[in-house]
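So you can see what is in the structure, the chains are spelled out below.
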Amino acid sequence: MVALEIVASEARAIYAVGRNYAAHAAELGNDIPTQPLWFMKSAASLCFGDRVSFPKQLGPIHFELEWMLRVGADLECGNSVADTACFSEMGLAIDFTARKLQTQLKEERHPWDRAKSFSNACWLGCMIPSTDLAAGFRFMLHQNGELRQKGASELMLYTPMELVNDLLKFISLRKGDLILTGTPEGVAEVCSGDVLRVSSPTLGLIRELQIT
Ligand code: ZN
């Protein structure tokens, strides 16, 4: 199994998709997109430790637990892939978001980077060798023991294969690049001292993160 240090150091790019779960789009008052809504997180925002803190003055930070895919080969723009072997690993990650700031930037029609791509904004929870995606899987996030988010692969508007093929319409992917597949509903603010537990019973994954 690949170590998270390696995953973090080999990621050249992190592609993240917004509104890939209808219920989460609704909770933020957003329309369902007619094609995947891509944004990027900087590789410099990756972290994988058991404790994280965030830069001050970003306002409220929300967790977004997401299914993450790691690209397993160099894939050229303009091609398409049909085999899930294009992913080498998959697992759980949190897309931390400065929500109030993001809303403000969206209203001003400015890019979101300041709200999505700060230090420690992309936490790697667990990664396992990629398995049969068609089998489906569940994942969840508990905040201080309370269930907040519950995701299921079949609730994604765009499947992992649809997402990778959509990216390949406009950019080449490199081995080690990471894809965040969107957040299920239930996002909420984190506070210093919070313990977030991410898990996937179907895949036997569990990990805790403390916010400091
Ligand atoms: Zn997200």
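A.B. asks: Where do I start with the nonpolar core in this structure?
C.D. replies: Nonpolar side chains in soluble globular proteins generally cluster together in the buried interior. With 52 residues, the main nonpolar core has Trp67, Ile94, Phe96, Val164 and Leu196 as its most contacted residues. Setting aside residues up to four positions removed in sequence, tryptophan 67 forms contacts with Met90, Gly91, Leu92, Leu133, Phe137, Phe139, Met156, Ile179, Leu180, Thr181, Gly182 and Leu203. Of all hydrophobic cores here, the second largest spans 16 residues; its members include Ala11, Ile14, Cys122 and Leu124.

A.B. asks: Would you mind showing me how to read the pairing of strand β7 (residues 87–95) here?
C.D. replies: Every other side chain in a regular strand lies on the same face of the sheet, so the side chains alternate between the two faces. Among the nine residues of β7, eight are classified as buried, and the element is accordingly described as predominantly covered. Direction of pairing for strand β6 (residues 65–71) relative to β7: antiparallel, over a ladder of seven bridges. When the sheet's bridge partners are listed, leucine 65 is paired in β7 with isoleucine 94. As paired elements, β7 and strand β9 (residues 122–129) share seven bridges and run antiparallel to each other. Bridge pairing in β9 places glycine 91 opposite methionine 127.

A.B. asks: Would you mind going over the packing of aromatic side chains with me for this structure?
C.D. replies: In this description, a pair of aromatic rings is defined by centroid distance and the angle of the planes. For the structure shown, the criterion picks out six aromatic pairs. Ring plane angle 40 degrees and centroid distance 6.3 Å describe the contact between phenylalanine 137 and phenylalanine 139, whose orientation is recorded as tilted. An aromatic cluster is defined as three or more aromatic residues linked by ring pairs; in this entry it consists of Phe54, Phe96 and Phe118.

A.B. asks: Is there a simple way to explain the sheet that holds strand β13 (residues 188–189) in this structure?
C.D. replies: For sheets, the rule is that strands pair by backbone hydrogen bonds, running either parallel or antiparallel. On the basis of which strands lie adjacent, the open sheet formed by three strands has the order β8-β5-β13 and antiparallel pairing. Of all strands in the sheet, those with a lone pairing partner are β8 (97–98) and β13, marking the two edges. Two elements, strand β5 (residues 61–63) and β8, share two bridges in a ladder whose sense is antiparallel. Of the residues in β8, the one forming a bridge with histidine 62 is threonine 97.

A.B. asks: I'm lost on the coordination of the zinc ion in this one. Help?
C.D. replies: Octahedral metal centres with six donors ideally show angles of 90 or 180 degrees, and tetrahedral centres with four donors ideally show 109.5 degrees. Glu64 (OE), Glu66 (OE) and Asp95 (OD) make up the full set of protein donors to the zinc ion, lying at 1.9 to 2.1 Å. As a motif over one chain, the donors of the zinc ion read E-x1-E-x28-D. Note that glutamate 66 is positioned in strand β6 and aspartate 95 in strand β7, a separation of 29 residues in sequence. Taking relative accessible area as the criterion, glutamate 66 reaches 1% and is therefore assigned buried. A residue is classified by how much of its surface remains accessible, and aspartate 95, at 0% relative accessible area, is buried.

A.B. asks: Would you take a moment to explain the pairing of strand β10 (residues 138–143) for this structure?
C.D. replies: Burial analysis of β10 places five of its six residues in the buried class, which makes it a mostly covered element. As defined by bridge partners, β10 adjoins strand β11 (residues 146–152) across six bridges and the pair is classed as antiparallel. By the bridge assignment for β11, leucine 141 is matched with glutamine 149. Counting the residues between successive antiparallel strands, the hairpin from β10 to β11 contains two residues, one of them, asparagine 144, with a positive phi of roughly 50 degrees. Judged from the four bridges that link them, β10 and strand β14 (residues 195–200) form a sheet pairing that is antiparallel. Along β14, the bridge assignment pairs histidine 142 with arginine 197.

A.B. asks: Explain the pattern of salt bridges here, please?
C.D. replies: Note on pairing: side chains with opposite charge can pair once their charged atoms come close. For the structure shown, the criterion picks out 11 salt bridges. The salt bridge involving glutamate 10 is made with arginine 70; its shortest N-O contact spans 2.7 Å. Taken together, the residues glutamate 10 in helix α1 (residues 4–10) and arginine 70 in strand β6 connect sequence positions 60 residues apart. Ionic pairing is found between aspartate 95 and lysine 116, a salt bridge with its closest N-O pair at 2.9 Å. In this pair, aspartate 95 sits in strand β7 while lysine 116 sits in helix α4 (residues 113–116), placing the two residues 21 residues apart along the sequence. An identical accessibility class is assigned to aspartate 95 and lysine 116; each is buried. Each of Lys41, Glu64, Asp95, Arg99 and Lys116 takes part in a single network of salt bridges with overlapping partners.

About the cut-offs
- Residues numbered from 1 in each chain as written.
- Predicted model: local features only at pLDDT ≥ 70, side-chain atom pairs only at ≥ 80, totals over all residues.
- Heavy atoms only, no water.
- Core = buried A, V, L, I, M, F, W, Y, C linked by side-chain atoms within 4.5 Å.
- Buried < 20%, exposed > 50% of the residue type's maximum accessible area, 1.4 Å probe, protein only.
- Contact = heavy atoms within 4.5 Å.
- Helix = DSSP H or I, 4+ residues; strand = E, 2+ residues; numbered from the N terminus.
- Pairing = 2+ DSSP bridges.
- Phe/Tyr/Trp six-rings, centres within 6.5 Å; stacked < 30°, edge-to-face > 60°.
- Donors = N, O, S within 2.8 Å, 3.2 Å for Na, K, Ca; no water.
- Salt bridge = Lys/Arg side-chain N within 4 Å of Asp/Glu carboxyl O.

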